[in-house]
Each structure stands twice: as structure tokens, then as C-alpha cells.
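Results of the structural survey
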Amino acid sequence: MAVTIEELYRNYGILADAKENLSQHKDAYQAILDGVRGGPKEKRLAAQFIPKFFSSFPELADAAINAQLDLCEDEDVSIRRQAIKELPRFATGENIFRVADILTQLLQTDDTAEFNQVNVALISIFKMDAKGTLGGLFSQILQGEDIVRERAIKFLATKLKTLPEDVMAKEVEEYIFSETKKVLEDVTGEEFVLLMRVVSALRVLQSVNGRQQLVELVVEQADLEQALNPADPDAVDRLLQCTRQALPLFSKNVHSTRFVTYFCEHVLPNLSTLTSPVAELDIQLEVLKLLAEMSPFCGDMEKLEANLNTLFTKLVEFMPLPPDEVENGENSASEEPKLQFSYVECLLFSFHQLGKKLPDFLVDKVDAERLKDFKIRLQYFARGLQVYIRQLRMALQGKTGDALKTEENKIKVVALKITNNINVLIKDLFHNPPSYKSTVTLSWKPVQKPEAAAPKRPSGEEMGSGASTKKQITPLPRRDARQIYNPPSGKYSASIGNFTYEQRGGYRGGRGRGFWARGSRSRGRIY
């Protein structure tokens, strides 16, 4: 027979008045537990009364928790919310893990208010026992249903950073790192990105040694021991995502050598055959941009000369020879070569960075005929460059403020950055012997001011670090650096490459199961 409202209030009164003799009224508490089999009103009261006296009846602990869980799964959403709201009151002692595990499973709800209530409850028990709560979360991440796993990872990625330092103690952060490494043994692309966001924010990993550990994690995910299959979009996607995650970790003390080596040995030779994971992505330009950003942080390289030679060969491919001339000195009717400025900026910058490590490469390591051919290409490219720089400066002359904010002028400003960078680097290579002293800021990177350097990263570690020309162009949002500039018609044509690839997680639909294919672990609830 179901318990009535009156009986619930009467038993509540008995327990409330019992004070130190509470344990003698087990029957009264059992009657309250039976309230979960009543109607909506009885269930709402039971949801409030059960946790109030929970700690006084340890022998009924399992029954009490199970009764509350029944209410958490009730058809009436208001009853579920009330029951979830009270769940943190059960999170005492050994129960913290179980309550965290239950709340994590409840993240699968599609009701917004209920989902928010679960989040509030999880944060509440996090402040009681962070490590115990994490145990429940990671238990579901490792063994739970896919939807639960996905939302638990997103909870960690969004909520951990909001917790105070006294909650996120060193021991807690070390536990997060340890458990995350277990999860990373089998993840999807989106999960990898989110988990890297979690561990990268841990204070315990902000040292040089900590960042090196994070790089090791990414190296393992990137599987740099295996040759790249350029025809496999999943393999290409995996490499791109891993490299993007590693980039912010590199510095003068945390080297990018393994990634740069892999790009030189496995990616550049296959550049033209790479299969893009996203239809609109210029995969060649994306790869070259990544290489350029990593190159300043490359340490000692075992096969430096061979890798420089690969980079040099690829650079030459993108620097055309001048068109043939007929006897009267005029150009033949053949089509003028296109000057692919965006590609050349990346390749020239990377070559310039690695060339510092072997400054006699162009003097002693390249044969005379090949060097002569390269200088002819450089001279031709430099002439075309000067034409574009003049055209761009004329187009932007006198424009300030709002006039520079139009889409057309934003693209021209970026194009001017690219051409100026190439101009500076080419001048270095024209020195005899070639010089590697000039520094430029890559066109898609914001100009770094020494006084505005990030507090956790000394100015010498800034990616794409270096002085800029005296007259600076106002830096523009990153997305503007990725558009194609179509210059005025003239002797030369250009391709300021299109760059629209944003790091967002999975790219092949849904949760990106095309790569890092994680087997389904779907199963029923295991409260």
C-alpha cells in the first residue's frame, strides 16, 4: 500500500523530534523511502525527506540511494530535478564515487533545466571531494555509454577551469593527468582536442617539464613512427589535429624537432598528393603554415642536411623560372608563371629557420648548377614581388581607420605583409654568403610586442618571434589572413592562398569517428 502525504509528514515529524535517538526509528525512515512508490506529491516530499535523514541510517544507505535514483528517473521532469538537486547530500565518505558516477550518467538528459541541475550538483560535490568526484567521472568516460562519455569529457573541458585553486590542488591535477592518459589510449578526434584542453590548463603542467610531457602525449597520438599515407584523409586529419595541439606547447626549451622532421621526411615529399579531410581546405597551404610555425622551435636534427635539401627542393618547385624570351627580348606568348606568395612565404620562412643551423648549405651542399638555377628563380620572384608591393602600397596609401576595415583593404593589408616578409627573406639569401639574421613575423600571426608578451611565456619563446619592419601595418583578425587577394591586372599574377581550416575537433561528421576509431561501449545504466 502506497504511503500517503499525511503519513510522510507524520514520519518526518517523528524523525525530526527524535534528535539523538534517530537510529531507533528505522521504521519511520523506511516509510519515507516507500514514498517513492506514491503519487507525484508523495514523490516530491520523499525526494526532500530521504536525504535529510540519510546519514542517520547507514544500514539503509543502499536502499536510500536506490530510492533517490528511482526519483531521478521518474517520468515527471520536476520530480527528477528535485531528486537530482538533493543528490549531493548523499555524497559522504565512500558514497562520493557512486554519487559522482550517477550524476555523470544523468548528463545524458536532453532537458536543458535538468542538464543544468546535474552540472550544478556535480560542481557541488566537486567542492566536497574533487578526487572522488573525478573518479566517478572518469569511470563513465572509460566505461560508459557514448553520449555519457561525450558529455563527461565536455564537462571536464568547460567546468574544471572555473574551480578555485583550493579545489584543484596539486594531487587532484596529477590525478586528472594520470586518468586522462588512460582515456587517450582510445579516443576520437574531438575527444582528443577536448582532453588536451583539459590537461594543457593544469597548473602542474605549466613548467618546461610539464609542457614536454604534453608534447609526448601528442607525439604518441600522432603516431610519428609510422609513414604517412597521403591518400588517407583520416591519417592526414590526425596529423593536422595533433600538430595543432602541439604548436602552443613549443618554445625555445620544448622543441618541435620530431614534428618538423616528420613533415620534412613524410609530408613534404607527398605534398601534392595529400588528401584533404575537408573539401574546402587548401591542404598544401595548411601543412606549410604548420611547418612554418613549428620551425623556429626545432632543436638539433639528426638528418639536418637531408631535411634541408627536401625543404629546398620543395621551395624551388614553388619559385618558377622566368618565361622564355624571344630574340628581340620580349616575352614569348607562353603564359606568365603564377607567383604563389602564401606558399613561398611558408617555405622560405621554414628554410630560413632551419638554414641557421647549417649556414653553409647553399655554399657547400648545393652544386653550382642547382645554385645558379635557384638564384635565377629568386631574382625573377623578387622582381614580381616588387611590382606587387608597389601596387599594394599605392592601393593602401592614405587609407586609415574605417577605410582599412573594408574586406578588400583587409586582404590587401595581409597581402602586403606576405610580400614584405618574402622580400626580407629573399634579401638575406642574396647575401654572399647567404645570411640568416633577419627576423619576420609570419603574415597570419599577430605582431608580438615585447612589453605585451604573455606572462607564462618569455618573449623569446613566442611563436614566429622576431622583429618586424619599422613601419607596422595594423594587425588584423586571423581569419582575414586567409583570403585570396586578386591584385590588379598586370605582368604578374598571384595566389595568396586560401586558409579556412579551423581546429574544432572532429571533421568527418558527428564526433569524428573516421579516425582514432574508438569502439562503441554502449551499455545500459549501471547505477
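Numbering of residues starts from 1 in each chain and follows the order in which that chain's sequence is written. Per-residue local features of the predicted model are confined to residues with pLDDT of at least 70, and side-chain atom pairs are confined, for both listing and counting, to 80 or more; whole-chain, interface and lining totals are unaffected and use all residues. To obtain the side-chain values, all non-hydrogen atoms of the structure were included, while hydrogens and water were left out.

1. Thoughts on the overall build of the chain
Formally: A run of H or I in DSSP becomes a helix once it reaches four residues, and a run of E becomes a strand once it reaches two; helices and strands are each numbered from the N terminus. Relative accessibility decides the category of a residue: with a 1.4 Å probe and only protein chains considered, values under 20% of the type maximum give buried, values over 50% give exposed, and everything between is partly exposed. Residue burial considers only the protein chains on display, and all accessible areas are found by Shrake-Rupley using a 1.4 Å probe.
Helices and strands together make up the secondary structure of the chain, namely 20 helices and 2 strands. A total of 527 residues make up the chain; the buried ones form 52% of that total. Accessible surface computed for the chain: about 24,400 Å², of which carbon and sulfur atoms make up 48%.

2. Things to note about the environment of Glu191
Here Glu191 is to be found in helix 11 (residues 189-200). Under the relative-accessibility criterion, Glu191 is labelled buried at 3%. Along the chain, Glu191 and Ala157 lie 34 residues apart, while their C-alpha atoms are 9.9 Å from each other.

3. Focus on the nonpolar core
Stated formally: Residues enter a nonpolar core if they are buried and are Ala, Val, Leu, Ile, Met, Phe, Trp, Tyr or Cys, with the set joined through side-chain atoms within 4.5 Å.
Tyr29, Ile50, Leu103, Phe351 and Leu362 are the most contacted members of the largest nonpolar core, which has 159 residues in total. The element best represented in this core is helix 19 (residues 368-396), accounting for 11 residues.

4. Here we look at the packing of helix 2 (residues 26-33) against helix 3 (residues 40-52)
Applicable threshold: Here an angle of 0 to 180 degrees is reported between the N-to-C directions of two axes, which are lines fitted to C-alpha atoms, with helices fitted over the stretch in contact. Crossing handedness: left-handed means the near helix sits turned counterclockwise from the far one by under a right angle, and right-handed means the same turn made clockwise. Only heavy atoms matter for contacts: two residues are in contact if any of them lie within 4.5 Å across the pair. Any residue outside Ala, Val, Leu, Ile, Met, Phe, Trp, Tyr, Cys, Pro, Asp, Glu, Lys and Arg is labelled polar, Gly included; the first ten of those are nonpolar and the last four are charged.
As a packed pair, helix 2 and helix 3 sit with axes 9 Å apart at the nearest point and diverge in direction by 140°. For the element pair helix 2 and helix 3, the recorded crossing hand is left-handed. On the side of helix 2, the interface is formed by Tyr29, Ile32 and Leu33, while helix 3 contributes Ala46, Phe49 and Ile50. Along the lines of polarity and charge, the residues of the contact of helix 2 with helix 3 split into 6 nonpolar, no polar and no charged.

5. A few points about helix 17 (residues 341-355)
Inclusion rule: Every helix has an expected span of 1.5 Å times one less than the residues it contains.
With 15 residues, helix 17 should cover 21 Å at 1.5 Å per step; its first-to-last C-alpha distance of 20 Å lies within 8% of that length. In terms of residue burial, helix 17 counts as a mostly covered element, since 15 of its 15 residues are buried.

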